[in-house]
Amino acid sequence: MRRAELLMAIALAIFSSYLMWESAELPIGWIPGEGPGGGAFPFWLSLGMLICCIWTIVRWFQRKTPESRSTEPYLDRQTAVLFGLVVGALTLMIGLIHFVGVYGAVPLFFIFYMRFLGRHSWPQTFALAFATPVVTFFFFEILLHITLPKGMTEPLFYPLYDIFM
Amino acid sequence: METIQLLLDGFGVALQPLNLALVIAGCAVGLFIGAMPGLGSVNGVAILLPVTFVVPPTSAVIFLGAIYYGAMYGGAVSSIMLGIPGASTAVATTFDGRPMALKGEADKALVTAAVASFAGGTISILLFTAFAPPLAEVALAFGSPEEFALMLLAFGTFIGLGSDDIPKTLFSIFIGLVLSAVGLDIISGEPRLIFGDIPGFFHGINFLVLAIGIYGIGEILWTIETSKGEVAVSEAKVTVRRILETLTELKKSVKTIIMGSFIGYFVGLLPAAGATPGSIMAYGVAKSTSKNPETYGKGNMDGVAAPEAANNAASTGSMLPMLTLGIPGSPTTAILLGGMVIWGLEPGPRLFVEQTEFVWGLIASLYAANLFALILNIAFIPAFIWVLKLPFTILAPIIFVLCVVGGYAPTQDMHDVWLMLIFGVVGYLMRKLDYPMAPAVLAIVLGPLAESSMRQSLLISQGSPMVFFERPIAGVIMVIAIMLFVLPLIKLVKNRLRGTAA
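Because the structure is a prediction, the values reported are computed rather than measured. (Residues numbered from 1 in each chain as written. Chains lettered and ligands numbered in written order. Predicted model: local features only at pLDDT ≥ 70, side-chain atom pairs only at ≥ 80, totals over all residues.)

Visitor: Even after reading the chapter, I still don't get the overall build of chain B, so can you show me in this structure?
Guide: Across its full length, chain B carries 23 helices and two strands. Taken over C-alpha atoms, the radius of gyration comes to 22 Å for chain B, in line with the 23 Å a tight globule of 502 residues would show. Overall size of chain B, expressed as C-alpha extent along the three principal axes, is 70 × 60 × 55 Å. (Helix = DSSP H or I, 4+ residues; strand = E, 2+ residues; numbered from the N terminus. Rg over C-alpha atoms; globule rule 2.2 N^0.38 Å.)

Visitor: For this particular structure, what's the right way to read the overall build of chain A?
Guide: A tally of regular secondary structure across chain A gives seven helices and two strands. What you see for chain A is a C-alpha radius of gyration of 24 Å, clearly larger than the 15 Å of a compact globule of 165 residues, by over 25%. Principal-axis analysis of the C-alpha atoms places the extent of chain A at approximately 60 × 55 × 25 Å. Taken across its 165 residues, chain A has 30% of its residues classed as buried. Once local pairs closer than 6 in sequence are excluded, the contacts in chain A between residues at least 24 apart make up 52%. (Buried ≥ 20, exposed ≤ 12 C-beta atoms within 10 Å, placed from the backbone. Contact = placed C-beta atoms within 7 Å.)

Visitor: Would you mind showing me how to read the nonpolar core here?
Guide: Side chains of a nonpolar character, in soluble globular proteins, are inclined to be buried together. Of all hydrophobic cores here, the largest spans 214 residues; its most connected members are L210 and V441 of chain B. Sequence-distant contacts of V441 of chain B, defined by excluding residues within four places in its chain, comprise G176, L210, A211, I214, P331 and A334 of chain B. (Core = buried A, V, L, I, M, F, W, Y, C linked by C-beta atoms within 7 Å.)

Visitor: Please clarify how helix 3 (residues 41-48) of chain B should be interpreted in this entry.
Guide: Each turn of an α-helix holds 3.6 residues, which means side chains three or four residues apart point in the same direction. Residue and element names in this part refer to chain B. Counting buried positions over the eight residues of helix 3 gives eight, a clear majority of the element. Of all the positions in helix 3, only S41, V42, N43, G44, V45, A46, I47 and L48 are classed as buried. Where the residues of helix 3 are buried, they touch helix 2 (17-35), helix 4 (57-81), helix 9 (207-226), helix 13 (301-317), helix 15 (331-342) and helix 19 (392-408).

Visitor: Can you help me understand the confidence of the model for chain B in this one?
Guide: When pLDDT drops low, the exact placement of atoms in the prediction is not to be read closely. All names here are of chain B. For chain B, mean pLDDT is 84; residues scoring 70 or higher make up 96% of the total. Of all helices and strands in chain B, the one with the weakest mean pLDDT is strand 2 (residues 191-192) (76), whereas helix 20 (residues 414-431) scores best (93). Interface confidence for the predicted complex, expressed as ipTM, amounts to 0.91; the pTM equals 0.83. (pLDDT = per-residue confidence, 0-100.)

Visitor: Is there a simple way to explain the environment of I47 of chain B in this structure?
Guide: Residues and elements named next belong to chain B. Looking at the secondary structure, you find I47 in helix 3. Sequence spacing of I47 and R350 is 303 residues, and the spatial spacing of their C-alpha atoms is 28 Å. Not counting chain neighbours up to four residues away, the residues in contact with I47 comprise I212, G216, I399, L402, C403 and G406.

Visitor: What should I look at first to understand the interface of chain B and chain A in this one?
Guide: How big an interface is tends to be reported as the loss of accessible area on association of its parts. Every contact between the two is made by 51 residues of chain B and, on the other side, 60 residues of chain A. For the side of chain B that touches chain A, the secondary-structure elements that each account for two or more residues are helix 8 (166-180), helix 9, helix 19, helix 20 and helix 21 (438-460) of chain B. Take the side of chain B that touches chain A: its biggest share by element is 10 residues, from helix 19 of chain B. Across the side of chain B that touches chain A, the residue classes tally to 35 nonpolar, five polar and 11 charged. (Nonpolar A, V, L, I, M, F, W, Y, C, P; charged D, E, K, R; others polar.)

Visitor: For this particular structure, what's the right way to read the domain arrangement of chain A?
Guide: Assigned domains of chain A: these are domain 1 (2-69) and domain 2 (77-164). The C-alpha-based centres of domain 1 of chain A and domain 2 of chain A are spaced at 38 Å. (Domains from an automatic or database assignment.)

Visitor: I keep staring at the packing of helix 11 (residues 254-268) of chain B against helix 12 (residues 275-289) of chain B and nothing clicks. Help me out?
Guide: What describes two packed helices is the angle between their axes and the distance between those same axes. All names here are of chain B. Running from N to C, helix 11 and helix 12 point in directions that differ by 145 degrees, and their axes come no closer than 8 Å. Handedness of the crossing formed by helix 11 with helix 12: right-handed. On the side of helix 11, the interface is formed by T256, M259, G260, I263, G264, V267 and G268, while helix 12 contributes A275, P277, G278, S279, M281, A282, V285 and A286. In terms of residue class, the contact of helix 11 with helix 12 is made up of nine nonpolar, six polar and no charged. (Axes fitted to C-alpha atoms, helices over the stretch in contact; angles between N-to-C directions. Left-handed = near helix turned anticlockwise from the far one by under 90°.)

Visitor: So what exactly am I meant to see when it comes to unusual backbone geometry here?
Guide: A negative phi angle is the norm for most residues apart from glycine, just as the trans form is the norm for most peptide bonds. Residues and elements named next belong to chain A. Backbone geometry at R63 places phi at a positive 60 degrees, although glycine is not the residue there. Inspection of the secondary structure assignment puts R63 in the loop between helix 2 (40-61) and helix 3 (66-69). Non-glycine residue R119 carries a positive phi angle of around 55 degrees. Structurally, R119 can be placed in the loop between helix 5 (102-117) and helix 6 (122-143). Taking the C-beta count within 10 Å as the criterion, R119 has 10 such neighbours and is therefore assigned exposed.

Visitor: Just to check I follow, could you spell out the confidence of the model for chain A for this structure?
Guide: Overall, the prediction assigns chain A a mean pLDDT of 86, with 98% of residues at 70 or greater. When mean pLDDT is compared element by element in chain A, helix 4 (residues 77-100) of chain A scores highest at 91, while strand 2 (residues 35-36) of chain A scores lowest at 70.

Visitor: Teacher, can you tell me more about the environment of L47 of chain A here?
Guide: Looking at where L47 of chain A falls in the secondary structure, it is placed in helix 2. Separated by 34 residues in sequence, L47 of chain A and V81 of chain A have C-alpha atoms that sit 36 Å apart.

Visitor: Help me understand the packing of helix 6 of chain A against helix 19 of chain B in this model?
Guide: Interaxial distance between helix 6 of chain A and helix 19 of chain B falls to 12 Å at its minimum, and their mutual angle equals 30 degrees. Considered as vectors, helix 6 of chain A and helix 19 of chain B are oriented roughly parallel to each other. In the crossing of helix 6 of chain A with helix 19 of chain B, the sense of the turn from one axis to the other is right-handed. The residues of helix 19 of chain B that touch helix 6 of chain A, namely those facing L128, T132, T136 and F140 of chain A, are I394, I398, V401 and V405 of chain B. Across the contact of helix 6 of chain A with helix 19 of chain B, the residue classes tally to six nonpolar, two polar and no charged. (Parallel < 35°, antiparallel > 145°, perpendicular 65-115°, else oblique.)

Structural data, given as structure tokens:
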């Protein structure tokens, strides 16, 4: 926990500085008769972020925050494994959407999550892996007219478009 | 008189078949979301907002308002049955609700919670109906300096009244505001903060991307971590006779319920406070004014009634500043406010004048939602208990998929889905280190309004910052806001002085 707090504060401080540098591309100063320039709002706020990070780091050294005194692990082993698996699966699913589309990635995600993380039975897993995309399709594509990304599976949907749209 | 006429017209809107159906559906969905451990109104509203694009704006807000309401009722269910708060707003309900369930009085606790929620809701809507129109009238005279001052006040409450770590709270406010500044500069039209010309940043960061990231993905990660262990669900058999018995017993809790409602309502008005502290305060006051405080924590009915009345009252309270001033009183109303912008309704005092149908339709729907939530809550207690037994490994992937699709829907850009994932994961990691997330969500919604009102004010005054202090209303609000920002500093100095004196 102790190390995590310091690392987070340093990472956020670096991010703040980067934001300051980015917003400085527009005028950050005071334009006479007009007020602050276009980059001023984000620039000074990023500076505020940076100051807050430094403040947190100072408090860390003074051991003033509860985290800086904590000896508990930031992520215990079990949580870390679970966190890694879930975030990994989520990342993979979003990545796969680019190639096989929502209707390819979502069932795969369900199969992984329910069967391998949840240890549910195959029939249960398949029922949800099938039902979720079907409901999603009818709700978002037919009712809301929001076309979800389909990647290479796009041609498979032409007949469905013909029927429902 | 005029108010009553407007309210009646509002009922005309709220009782249209579509809207009435949405009120009932919203209450039911809200009850289930509230009942699930970990998920509360803010998660339900954030995740389901994209789904409401299918209906007109008024109906959409009515639906989301009903979810907000239902979730406040539902939170009590898992507090009582599992001993785990269904939402942070129901934390205080566990103090006495769980002991009651362990004594075999789970049904009594559930009915008490439902009735107290109903009373709290009703009292607060009456207060709302009485206070909103005059406040909106005053607010009509507000110009951009007053608007900016109000926003500063909203952020000030997080610093002055919040209990979180101050540098971390400030950081959360700042990052929300900076993220809201991404995209095209509102006055000069130049692109800014586009991180090396990534095209996805040109249209700015939609507040929903942050809200769904934090309250959808981040929250589920959080719940996965906290709900690893097995939990025991209490049994509750609800019969009409037991309900009637409980109702007669509740007569002696009337004072507690009224007190809880008032505390909840007024605490709910403040952006930094809201339903969670409101319900804890109500519990505390009920205990300290009780004749036998030693029975609290051991299954006292008043200990369930007070926080439940307060959290429902607070949810209505937080809508008052949102509708009259355009300043949300809670993270949930912040998301509603952002939704209003997407639907093309301009938040602020003019809403009461220009969108009477919308405003009064929403208010009337709250009366209806309150009633339906009560009925559904008592009728479907067995269904909620079934939900509590549902394994999280079924719920989690469904919610994740809803987040991904919901994050994609508003802008239809995969870039936003990736951004949402990053916000969710980083938000979770930061939350573990006590960085509060609500200020950031409030800030990303208010950011564009805050910046444009500030810069407009300065354009009017030709660059003189005195414009915020010379106008009487803006000046007073600014002074209060600045006081809230320096309050912790004063406390610090005071403690130091006391430390050296002792």
